[in-house]
Each structure stands twice: as C-alpha cells, then as structure tokens.
Amino acid sequence: MEARRHISEEARIVLTTLRTGPPDIAHGLLVQNLASLRLAIKQGSKKEAYVQPFIDVIMNPRAAGPHTLIALRSTFRLLSRNSFVLSNEDAGGSVEMTNLMRGILACRFEQTDVGNDEAVEMAIADLLSLIIQLDNNREMDPNIIMEGFNTVFVTRNTFVHSPALCYHFEEVLGAFVRHLFESIHIGQSASACRLILEFLVSQLLHTPMNVDGSEIMANSLHDATRILSLKLIQSSLRMAWSTAACDGNEYDLKIDLVGEEKEPILKIIKDDLCLSILMVGQGIWAYQDPSSNAMPGMISTQVLSEICSALSTLWSLSALRCKLKLQFESILSGFYQRALSLLRRLPVPTDISTFNANQIFDAEVEIILESLVDILCLNENEPDTSGLGAFESLFVIYDCDLIRSDIASGLVVELSRCCGGSMDEDGHLLPIEPVAGMSRMSSAQTELSASVTSVPKQSLSKANSSASSSFQTIVDEVELRHVPAHLRELCAEALLGIMKSLFAISSPKKPKEEQKHDNVSTIKELESLKNQKRLMREATDLFNTKASSGFKYLLEHEIFKEPVTPKDVATFLRNGIILGLKKPKVGEYLGNVGKAPQAGKSPPDWERDWFHQETLKEYCASFHFKDQTLLDCLRMFLTSFRLPGEAQQIDRILQAFSESAASQCIEADTAFSPDTKKAADAAYLLSFSIIMLNTDLHNDNIRVDRKMKVEDFIKYNTDYGKDIMDPGYTFPKDFLVNIYESIRDEEIRTMGEGADGVMTLERWKDVLRGDERITANLSLSCTDDMKHLIAEHIWMPILSAIRGFWSVASEDNVRSVHNKSGMLGSQGSRLGMDLSMTMLRGLRNLPRLDIFQDLFVRLCFCTGLIGDYINDAVERTASFVDSVERQSAVVVAMKIAIECGDLIGLEGWKCVFSILFELRDLKLIGGGGKRMKYRSLLIEGDTDMLQSDARRDWEMQIVKVCFGASGGSARNEASKSRKVGFLNTLIFGSSSQVSPPREKNPSSLFEGGPLLQLSEHGKEELVLWDDLAPSDTESEVESGDIVSPVMSLGRTFEKLLIQENQSAQEGPVTGLETYEDTRVYQLSPRARVRRRLEAICDFSSVLSETRFLDIGDLNIQLRALIDVINGSSVKLGLFVLPISLSPASEALAEVWLCEITLKNRDRIAKIWETSLKDHFTTKLRKKIDVTSEAAISSVPGVEKRITGLLRICYHNVHRKDVNNDILDTLECLYTPNGAVQSISTDTLNLNKHISEGLWRICRDVDGLRLIDNQGWDGLLGLIQHCAAQGETLVVQSGEKSGALSDDDPALQAFRSIHLMLRSNELRDVVPFRIVHCIRTLIKGGERNNCPKLSIAGLDLLSLLHARLQALISRSSENRNEDDVVFWANCWLSIVEGMAEASNSRYPVCSLCGINIAYITGFSNNAYLCSHRAQGNIQFPCSQIPLSTGTDKTFPSANCVGYSI
C-alpha cells in the first residue's frame, strides 16, 4: 500500500500543477489520465502502466516548463523509492526501463522562463542517471543509453557558461560512466561502454582548435569539451581496469560487442584514444617548432593538464599498461622526451613575441614535467608480477629491445641535459643541437618535394649549399637560453624519483602459480642486447658518414652474420632511425643504383647493384599496407626516410614502393587492374603525381594563380591509358578530389628522428603494425641484477646533471672556470647535493661499488681542490670562496667519506685527503671556535712535545730558514715585497702585499744556501701546519646547529646560505658601534666560508669514524694517506692528476696518520706491519741532501713524523703483540745517515722532541715490563742518543755552573734511566746494557760543562753497583763459569764507567772555581772556560792533557741477557 500511496500523492501534485495551466492543459487529456490513475489506485484495481501518465506529461509539447519539471521530479522520486519496480502485492507496477528512457529523451515542453527551462534540463539529466543506476541487469538497449549520454553531454555544452549547471551536468555524466563501466561485464554494458568511449574519443579528435585565437569564446567552449571528455575517459578507465574491477583475473575486456562491430574496447583505446590524446597534446609544439606537422591551434593549460592526467592514468593501471607497450613508446618519446628536447633548445628572447612564446611554453612544460614525475616516482605505481617498478619496466621493455627506442635512459639523458648535463649513457659528450624552431629553415634544403623533376641536379646542389650556409649562419647567431630554475627543479625531482624508485628495497608481489611466461630473458641476455644496441648505435654514426663503414662495423662485431643479406640491411635501415640513423642517408642508400660487376674488382655485396635492388624491395616489404589507401601508404612510407633530390633515385624508390603497395592497398580491388604489372604502373604514376601535387601546393616560390587546380589534377590522373589501366578501372572523380583536398589540407612531410618526431595518423598506423611481442619477463631473483644493469646506464647522465648544477662542464676544466655565484648558486648547490647523495647512497645499498667509487672520485673533482694548480693561493681561495657549488661538493665528499669510509676505496681517500689539505693551505679549516674546538682537524690528541717557549722558537726558526731559502737576501724591491707578504702569510695567515710575478730562476735571489724552486701555486711557502689564519678570527663567532635530520643535506646547506644572507643584510643602526659590537657583520668572505663549512661538515669525524672501519678498509685509508704524503697522483678516467702538498700539509698528514693510528690502537698490530712500519722506516732512514731544497721543505713533515712515531710508541708500549716491533723502529731516529740527522743543525734541532717522547715512553712502567730484547734495543739506543745531545752550558765570569732546562735531552735521558732503576716494577727487568747509556750521560755532562749531570750519572752507576752486592757475596763463596762471564760483561763495565769519570776530573779554574772537563774526541783547542786569554789560570785549559784511559766507544763486552 505504501508504494500506491506514493504514486497517488505524486499524481495529485502533478494534477494540481496542470490545473493552473491554460484551458487545453487544465481540462485536457493529461489531467484526465492522472485523475484516472488516482481513482484506480483508490479502488485497488491493478493498472499495468502506472508511470505512463507521468511520461505523457513529460512528452507533451504543450506543457509549460513548470508542468514538465513537476512531472520529472515526481517520476524521479517514485523511481528512487522503488514505487514503480516492486513486484510484490504492494507494488505499484513494473516499469520497462527502455520505454521510460525513450519517453524522457522525447521530452518536449513550452519554454516560458529561463530558470524553469534550466531546472527542466537538470531534472531530465538526474532522471536519466537514476534509470542507469536502477538497471542492475544492464538489459537496456545500448543505443538508448548512448542517446541519453549524448543528450546530457550536449546539454552541458549548451550551458557551459553557467558554472553551477555545468558542474551539475558533469556530475551526471560522471555517474553515467561510473555505473556503466563498473559493471562492464554484465549484460549489454560492454556495448554501451564502447559507444560512450568512441563518442568521447571523437570529441577529442574532431573538436576544432582555434588557429589564431581570435574567437576566444568559441575556443573556451572547445577546451571545455575536451576537458570534460578527458575527465570522463579517465573515470571510465579507472572503473574498468582498476584492481577491484579486474578482481585478480587480469580481465582484459576482450568482449565481443553487439552489432556489426566485433572489435574489443581495448582496440579503441589502442588505436584511437592514445592517438587522440597524443595529437591533441602535441598542439603545444606548433609555436615552438613551426616545421612540425602537429595539429595547429591553441590548447589551454587546463586541456594539457587533463591530457597529462590521462596519460598518468593509463600508466597507473597495470592491467591496461601491459597492453599498450607500443603506444607508450610513442607517448614517452614523442611527447615527454620531445618536450624536454624543445625546452633546452629555446632561444634567448630578443623581442616580446619570443618572450611570450617562451613563457607559454614554460608553463606547458611545467605541467608535462609534473606528469612525468607522477609516472616515474609515485608510490602507487606498484611493481608488476616480475618485481620491476615503473622505471625498471621501461628499461626492460624498450631499452633492452633492438628495434625500440631507449625510453628509460633517454628520459634520464633528456632530464639531465635540461639540468645542464651533456653526456649520454655511455659517457660520451652529446653534440649541440640547433635551436628549437629552426627546423623549418633547415627543411627547406632537403624537403622531399624540392624540385623533383624541374630543377637540374647541379642547381639543386647549389641551392642546398646556399640554404645550408644561410641556415648555419642563423643558428650561430642564436643563443640558447638557460632552462628556468623552477623547471630545473622539476627535472631534478624526476631524477631523484627515478633513483629512489630504482634503489628502493621493495618486496615485489609473488607471481601467481598459474601464470607462466613463455619468453623469459635472463640478465645476461639483456646485457647482450644492450651491448648490441650500443654497437648498432655506433654503427649508425658510421653509416651517417659512409654507409659502407657502418656495414663493416656491424659485420666485424657480428651484428650482421656472414654473408650479409639484403633483408639484414633493410631491417637495419628500417629500425635504425630510433638509434640515430639520419633519414637523408637512408634515402640516399635506397636510391643508389650500386656498382655493376667489373673485371678484377670485388666490392662488398652491399655496394653491388643487385644488392641495392633487393634491399629496396625488402625495405618496402617491411611496411604493412594492407587495408590502407594508396595516399595513406605513401604518407606512411615517406615518414621513414627522406627522398633524395635526384630524379632517378626518386624514380627507383617509387617504383619499388608501387610494386609493394599496389597489391595491398584498398585501390587494388576497386581502381587498379588485376594485372600486377599494370597495377604497379598505375600506383607509380599516381604516387608520382601526388608528390608533384604536394610540391606544387606547398612551395612558396610558386604563385597562387599558377598552383595546380583540382580540375587539372583530375584531368591528368583519371585515365593513364589502356597499357596501364583496364577498361572499367579508371579513377573516380570523388577519389581524386579526396586526394587533392587531403594534400591541400595536410602536406606530406618527413618527420624528425627520435624525440623530435611528431605523431601523425600515418605514422601511428605504422606504429600499430609493429611487433608487439613481450621483450622480457624476469623472475624475482633477477630484480637486483636488473637494478645493477640499469645503474650502469644512468649514472653517467646523472653525474652530468650534477655537474650542470655545480657549473662544472667536465673533469679537464674544473679549475679553469671561476664563476662568482653566491646566493644565485644556492639552488644548483642544493639540487646537486641531493642528486649526489641519493645516487651514492643508492649505489652503496645495491651494492655497486665499482660505480660508487668512480662516481665519488668524479664528484670530488667538482670541488676544484684537486690537481696540478696553475694559480696562486689568492686566486684559488677567491675561486673557491665565490662558488657555493664547489663548497657543496666539498660537503658531499666529507659526508660520504664519513658515512661510507669503508667503500670509497684508495682513490676516494686520496681525493678526500687532497681536499682537506688544500682547504688547510687556503686557510679554510679553522680551529672550530671555543665550543666546537674538539671538532678541529688542526689539533693533536696529545699535548705538544715542546713547551710553549720552545714551540714558539721552533716555529720562528722554521720561518727564518724557509724565508732564507725562498730568497731572504734579495737585493731588489720585488724580493723585499715578497718577503713581507711571505712573513705575513706565515705569521698572520694572510698577506696584504700583492705578490709580484715569480722569478723563473730564483738562484739569483739568494747566495750561499739552498733555494726553494717556487712553483706557480706557491705551496712551498706554507710551513706551519696548525696555522689558523689569525687575521680572520671573526670566524670564531659561534652559531647554532643547523644540521637537521629531517631535511636533506642539500636543503640544510641552502638553509644555511639563506641564514647567512639574512644576517649579512642586518647591520649597525647608528654607525657608532665599535668593532666588537659589529664583528658579526664584518666577516670576511673566507671567514664566512670557513664558518659555513665548520657548521655543516664535521671534519673531525673523517678521522674519528675510522674506528668503525674493518681492518682492510682501515689499511686502505692509511695507504691513501701515505700515498698523498709521498706525492702520489689521482686517477680520473683518462686523466692522472698529481697531488701537491705544502710542507705544512705534509706535517698535518703525519699528524692525521698518527691520530688515525691511535684511534685504532686496539688493532694496531694489524695495521703496523701492513702500512705504518714501512712508511716510518723508509722516510726516517732516508738521507736528505742538505744542499737541496728538500732538506728545508721536509722539516715540518719530518718533525711530525718523528713525534707521530713517538706518540704511537708511548701509547702502545703496553701492548705485547706489537710493542717490540714499534720500539725497534726507534732506531730510525738516531740512524747516523737518516733524515733526522740530515736536517739537524744548530738552529733546527729535533732532540727536544725526541727526548720528550722518550720520557713519555719510559713513564709507562707497566708497559716496559712487557717488552723483550728487541724493544729494549730500540729504547736504550734512543736513551743513549738523548744522553749525548744535551745543551752546552756557558758559564760567565764569577758564576757557578748553571742548570739544564727542563726539556734538555740529556736531562730527559737521566730522568728516564732514573725512573727505570728506581722503579720496583722494573727490578730484574731493565737490561744491563743501560750502563752504556749512563756512561754516555756522564760523558755528556762533562762535555757540556754540567758536572751535576755527570755526578747524577755516577750515582746511577753506584746504584747499579749496590744492586750487585748480593751477587758479589754469593760469587765469593761459590765461583763457577757463569760468574766469570758476568764479571767480565757486567760488573767490569760499571767499574770502567766510574774510572772514566774519575780520570776526567781536573783542577778547578782559579777564577771561576769550576771543574775543567775534557772529553775525548774533541779538538785539543776545545775548552769550556772563558778565561783562557787571561793569565791567572793555574792549569790553562789549552794545556790539559788527553785522557788515555777512556775511549768514545763503549767496551766490547757483551751484556746481552743480563738484567738489573
């Protein structure tokens, strides 16, 4: 009863409305029918058609708009409440949906008010949508559904200027599509879906495009139609091919449709949808490349956005994507790659029109790039069943196929070139291409219709030469602009997305058990295919120069098998266009007649005349002309090459084409003779006539009144005579008129190669007839190997993009370009850093270490801090400080060295250390400030070996000696000027003097000593390893931490630059501030860069993180540092660049070598023998020629090498596994002819360093207990050396003997011996050979006029003798043979030492009262008293006799094996 009540109520509402109308309506049949319906419902009688009275009102043309609206709304409410469709006893009656749909579509009403009329249209659309929704079984006639859809679509276009109505109708249309395509497999939905899809595609192709943009209103309407069609197409695709719709059954919609059409919906998508989307999208080329055959006109950015969205939708549906391989090849190469190619070839605007065109194109390319990022980078692009992602699938399907374009690597190359790169996937430099828009001028010289028969060959060649010359002049004058920053950002985002997708660790879907691949390619097979493709690309380059050379290359590399057949060559010519084969060269070979047989000559087969003929036939046979008109066949044929200019060559090519097309084209059954010979002749004449017509209609040199008319074309081609055309086979007039109009409207044009080609209908047909085989289906186990293969082919272009962002063209000119970028380079720095870090981390995770290390080394060279420098420090500093790009490269190098120190390899560590040393030489590594001082690389881990005064004196001595060697006694003003600058550099860290040109022969500047051969870079002048450039102390101003774990490294660096720029813009307010108040605003450029690097680079971690390296990688790092010290070189591809260290950097290298060793002293046994021992022994035992410049420049390095060895000794003396080997190396420090003794002079003396190290070693008493004779030999030898190197005390008149300084070597030796002998832990451990050290100490005290030291030595001998008392007592009771040996070897040595001391005692001077000590080995005139010239000496020093009881050498008694 509820349903009937609803029907009665709605009938009453309609009746009430109708009764307000005119008399013919108020008392007419419509009212009577509705009243009868209400009466029937009240009486309970059944009525079959309850809905019919409502339909009658809707269809009545006399009803006014309000009447029709009420009827429509009532019908809508009844349907939505199921009042018309219930079949139980309460049902109001069933409704036949088709009739209801027809009735609504036949709606007619009298228009009275605009508002009511619009409401009626909205109600009709809502009711139609509801009917589609209620048709659950999809039994409605598909044609009726299509009619309803078309009605709503047309209504929407009618009210397109009303946003509210337009939005409503679009929602209704969307509901149509959703309901039908969701249930595409039910009933007749498939047929209705096909009709709707065909309708939407036709709207794209046939909606006119406004050519000149004059009718803005019409163009807006057309754009709205295209946008709506694209949106509905996307909705339909998502509904039909989504994962839920496919339900895991890979439902491919191969449904036989009703009616005459039997093709599946998929064919519509393949043949029509993809073509329409591509051709509409190519409308943007019309402005940037006038020579293209793209659909001319104007499309809005909204249309382009929907086109890109549709392409993204097609790609995102994996069930559909696998069916569109050929289509996506054309889309990705002809749309995306072409957009990128044109973007980087736009000219610098010289007028307002060019500027506006570039602006429009930039906006369009931005949309395209965003779409490309979505395709390549979005996470919802899940891997397919083989485990491959989007980019990997592109690489497998296209790049690893010999007959397809390199889509994946091609996109990477184009993106990289837009970022400033210039290399292909093989690392070869790419040529500079002509400016976009110039191809029209270049085509004038090679157009297929260029005077085919009317111009002689000589004239044609002359015209081509003239055109080529003028075109080249124009191209040379046009300057290419830089890609805008926001577009470079998108290109970098695409590259980042590619790398993140490639290097992501994913868990691919498992393939279904029932799924089997018949064609599975292994990685090795794909690698072989890529290699063949590379060889074919190289062969195309040779072919473009000389055809025979290309064929020989293919034969040599076994791409062609012996013997070479015409089919092989024809296949190469057909498919080689995508590899770079030039179309004019292809046409030239096809038209060549070849060489006739000659006696005594045997040219290759491919040069023979018969071979050329067969090749041309095979080439024509490779086209699919079936079911195509002759004109379409000719268009398709001529898109694959460019006709040569010689008439005979054109004749041969057209003859072969005619023989192939005449038997397959549509005209073969209707217009051509059954005789194949006659048919071929007719096709030839018609083809030639078409080309002549094309030339005539589209040659600007022919006047309009002289161009061929359609009547002339019909007259010349209707009948070719009985020898060619049989009776009844003449060409119809309509047929010839259609050809004429087609040529008039669309010129036959040869498209560009590769990404420069524009899609046409004929070319699309050729594409669809291509081979659709699946290239490869990889198993899951091959996914990682596939990533390795892809990484091999994309890392070079990405490296090129990084160099583009960092303004580095190639390795050989890193240092030659000095661009002052500043904040303008912040974006390039950030993007280059992000690309670098992503690529390096991805290669690390793969892992692909060979590429990782090569890439890292190349990135290090982008810093400009490695190699043989040709500029001085001032120029190098300015070049680096002014370039934030180079600074960002340093940040990347340091970050990777810290993160991946175990992977960068030997060459990588050489680069890292070279960068750090160059930064030190340029004063760009500071002390780190007070709070960050622990992060500085210029601080040793231990206290200095010298006291502060001694250190200051040592440094001044180095400065003086090096200054003298660099020309300190110069007599001219230039030398004096350089002297001041040199001292400023050494002492204050900077020079206020302008360096004069360096002398080519510095020997004239200094006489009497060795001179430094000053190089261009002037590194020899840097000798202080821890120089912090005090002139730039403002860098000590501290700033907060800016390193964020959330932001990328590039973003962090850019944030730092922005903060610095903002701080620099702030300044004093009153102008009265003091320096201390405003020092933060007065940072010098070098100090600013130094603080910037300190804030973002933790340089100290380069050393501290070595603790986490395994032993093999640690040895590699140490060997790299040692190689840098030894002046090794760094390899970069074909380049080998030497490493040049300043003396200060060499000293710093020795410090780092020691620091790394000490941070890994728990593993020192494993690195000592491998790396360290040979370095120390070789460098310290090597004698240095004091007459050469090496003696001076090596002083800082030798000092830190000695102190480093001593530090290693005293930190590891307690390690039993290595302490003896290390202590044994101390022998190098006192080798008579070693490096230490070679450079030791009165001014440069290293004994204090050595003695302090000795004392620190001996303080480790517990460690000394663990060493054996080998270690004791080295240690006691060092003690003996220090004991003999004490200072000489000079006593003034009336003074007593002075005291030794605390750091005197002899005093340090005494302390060491005293500690050993007095320590209970070392009792019975110290070898008895220490007696020799004590005797040397006593002699040193006497020689240096220090009796206290001699007396202290005697006390030590007395202590030793006291320890022997127990042995003496026992030996007196029980004598044996061992005691005899002991007395001879040990006790006798002590007694002799005491005797030497007593025999060398002499009377005192009568004036000074000191002992006069004379040591054997000195000259007889040597004296230690200052009163020789006076006559009051009781025993003149000059007359003191030699002591005959002593000798400089020790007794030969053997004390080994005896301990005290």
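Keep in mind that what you see is a predicted model, and the values were worked out from it rather than measured. (Residues numbered from 1 in each chain as written. Predicted model: local features only at pLDDT ≥ 70, side-chain atom pairs only at ≥ 80, totals over all residues. Heavy atoms only, no water.)

Helices and strands together make up the secondary structure of the chain, namely 62 helices and two strands. Here the chain holds 1460 residues, and 54% of them are scored as buried. Here the contacts in the chain between residues at least 6 apart in sequence split such that 77% fall between residues at least 24 apart. Carbon and sulfur atoms form 51% of the exposed surface of the chain, whose accessible area is close to 62900 Å². (Helix = DSSP H or I, 4+ residues; strand = E, 2+ residues; numbered from the N terminus. Buried < 20%, exposed > 50% of the residue type's maximum accessible area, 1.4 Å probe, protein only. Contact = heavy atoms within 4.5 Å. Areas by Shrake-Rupley, 256 points an atom, 1.4 Å probe, with all protein chains shown as cover.)

Summed over the entire model, instances satisfying the criterion amount to 53 salt bridges. For Arg830, the salt bridge goes to Glu489, with nearest N and O atoms at 2.8 Å. Of this pair, Arg830 sits in helix α37 (residues 826-845) while Glu489 sits in helix α23 (residues 485-503), placing them 341 residues apart in sequence. By relative accessible area, which is 5% here, Arg830 ends up buried. Across the salt bridge formed by Arg1207 and Glu1155, the nearest N and O atoms sit 2.7 Å from each other. Taken together, the residues span a long stretch of sequence, with Arg1207 in helix α52 (residues 1195-1212) and Glu1155 in helix α49 (residues 1143-1159) at a distance of 52 residues. Like Arg1207, the residue Glu1155 is buried in the burial classification. Ionic contacts of the salt-bridge type, sharing partners, join the residues Asp406, Glu425, Lys530, Lys533 and Arg537 into one network. (Salt bridge = Lys/Arg side-chain N within 4 Å of Asp/Glu carboxyl O.)

Before going further, it helps to spend a moment on the pairing of strand β1 (residues 1129-1132). Burial of β1 is one-sided: the residues Val1130 and Leu1132 facing one way are buried, the residues Ser1129 and Lys1131 facing the other way are not. One ladder, built from four bridges, connects β1 with strand β2 (residues 1135-1138); its direction is antiparallel. Each residue of the ladder has a partner; that of Leu1132, found in β2, is Phe1135. Hairpin connection between β1 and β2: a loop of two residues separates the two successive antiparallel strands, and Gly1133 in this loop has a positive phi of roughly 60 degrees. (Pairing = 2+ DSSP bridges.)

Along the chain, the position of Cys1228 falls in the loop between α53 (1219-1224) and α54 (1235-1239). Taking the C-alpha atoms as reference, Cys1228 lies 6.3 Å from Thr1177; in sequence the two are 51 residues apart.

The end-to-end C-alpha separation of helix α58 (residues 1305-1318) is 20 Å, in line with the 20 Å expected for 14 residues at 1.5 Å each. Here α58 lies mainly inside the structure; 10 of its 14 residues are buried. Buried residues in α58 make contact with α55 (1247-1259), α56 (1261-1264), α57 (1269-1283), α59 (1330-1343) and α60 (1347-1363). Where α58 begins, one side-chain oxygen reaches toward the backbone nitrogen of Ala1306, 3.0 Å away; that side chain belongs to Asp1304. (Expected span 1.5 Å × (residues − 1). Polar contact = N/O pair within 3.5 Å; in protein donor to acceptor, adjacent residues only side chain to side chain.)

What follows is about the environment of Asp1355. Within the secondary structure, Asp1355 sits in helix α60. What makes Asp1355 partly exposed here is its relative accessible area of 48%. Sequence separation between Asp1355 and Ile1334 is 21 residues, and the spatial gap between their C-alpha atoms is 9.7 Å.

Taken N-terminus to C-terminus, the directions of helix α17 (residues 325-343) and helix α35 (residues 761-768) make an angle of 140 degrees; their axes are 9 Å apart at the nearest point. Taken together, α17 and α35 sit at an angle that is classed as oblique. Classified by chirality, the crossing of α35 by α17 is right-handed. Facing α17, whose interface residues are Leu326, Gln327 and Ser330, α35 presents Trp764, Val767 and Leu768. Here the residues of the contact of α17 with α35 are counted per class, giving four nonpolar, two polar and no charged. (Axes fitted to C-alpha atoms, helices over the stretch in contact; angles between N-to-C directions. Parallel < 35°, antiparallel > 145°, perpendicular 65-115°, else oblique. Left-handed = near helix turned anticlockwise from the far one by under 90°. Nonpolar A, V, L, I, M, F, W, Y, C, P; charged D, E, K, R; others polar.)

Our focus in this paragraph is the confidence of the model for the chain. Any segment with low pLDDT has predicted coordinates that should not be analysed in fine detail. For the chain, the mean per-residue pLDDT works out to 77, and 73% of the residues sit at or above 70. Contacts of residues 86-93 to residues separated by more than four positions or lying in other chains number 18 contacts, the stretch itself having pLDDT below 50. Between residues 507-519, whose pLDDT stays under 50, and residues either more than four places distant or in other chains, the model counts 18 contacts. (pLDDT = per-residue confidence, 0-100.)

What follows deals with the packing of aromatic side chains. Across all of its chains, the model carries 34 aromatic pairs by this definition. When the centroid spacing of 5.6 Å and the interplanar angle of 75 degrees are considered together, the rings of Trp610 and Phe611 count as edge-to-face. Residue Trp610 is classed as partly exposed on the basis of its relative accessible area of 39%. Ring centres of Tyr684 and Phe688 lie 6.0 Å apart, and the angle between their planes is 50 degrees; this geometry places the pair in the tilted category. (Phe/Tyr/Trp six-rings, centres within 6.5 Å; stacked < 30°, edge-to-face > 60°.)

On to the packing of helix α29 (residues 630-638) against helix α32 (residues 676-698). Where α29 meets α32, the axes come as close as 11 Å, and the angle between the chain directions of the two elements is 65 degrees. Put simply, α29 runs roughly perpendicular to α32. Here the hand of the crossing between α29 and α32 comes out right-handed. Across the interface between the two elements, Leu630, Leu631 and Leu634 from α29 touch Ala683, Leu686, Ser687, Ile690 and Ile691 from α32. Here the contact of α29 with α32 is built from residues that sort into seven nonpolar, one polar and no charged.

At the junction of Glu562 and Pro563, the peptide bond is cis and its omega measures out at -5 degrees in the coordinates. With respect to the helices and strands, Pro563 occurs in the loop between α25 (547-556) and α26 (566-575). Here the bond from Leu846 into Pro847 is cis, since omega is -5 degrees, no more than 30 degrees from zero. Mapping Pro847 onto the fold places it in the loop between α37 and α38 (849-861). Residue Lys923 is not a glycine yet carries a positive backbone phi of 60 degrees. With respect to the helices and strands, the residue Lys923 is situated in the loop between α41 (905-921) and α42 (948-965). Despite not being glycine, Asp1324 shows a phi value in the positive range, around 65 degrees. Given the relative accessible area of 58%, Asp1324 is considered exposed.

With 20 residues, α37 should cover 28 Å at 1.5 Å per step; its first-to-last C-alpha distance of 28 Å lies within 8% of that length. Counting buried residues along α37, 17 of its 20 residues qualify, which places the element largely inside the surrounding structure.

Summed over the entire model, instances satisfying the criterion amount to zero disulfides. Cys1154 carries a free sulfur, and the closest cysteine sulfur to it, the one in Cys1209, is 9.7 Å from it. A residue is classified by how much of its surface remains accessible, and Cys1154, at 1% relative accessible area, is buried. (Disulfide = S-S within 2.5 Å.)

What follows covers the environment of Thr838. Mapping Thr838 onto the fold places it in helix α37. On the basis of relative accessibility, which here comes to 19%, the residue Thr838 falls in the buried class. With 341 residues separating them along the chain, Thr838 and Gly497 place their C-alpha atoms 9.7 Å apart. Ignoring sequence-local partners within four residues, the contact set of Thr838 consists of Leu496, Met499, Lys500 and Phe503.

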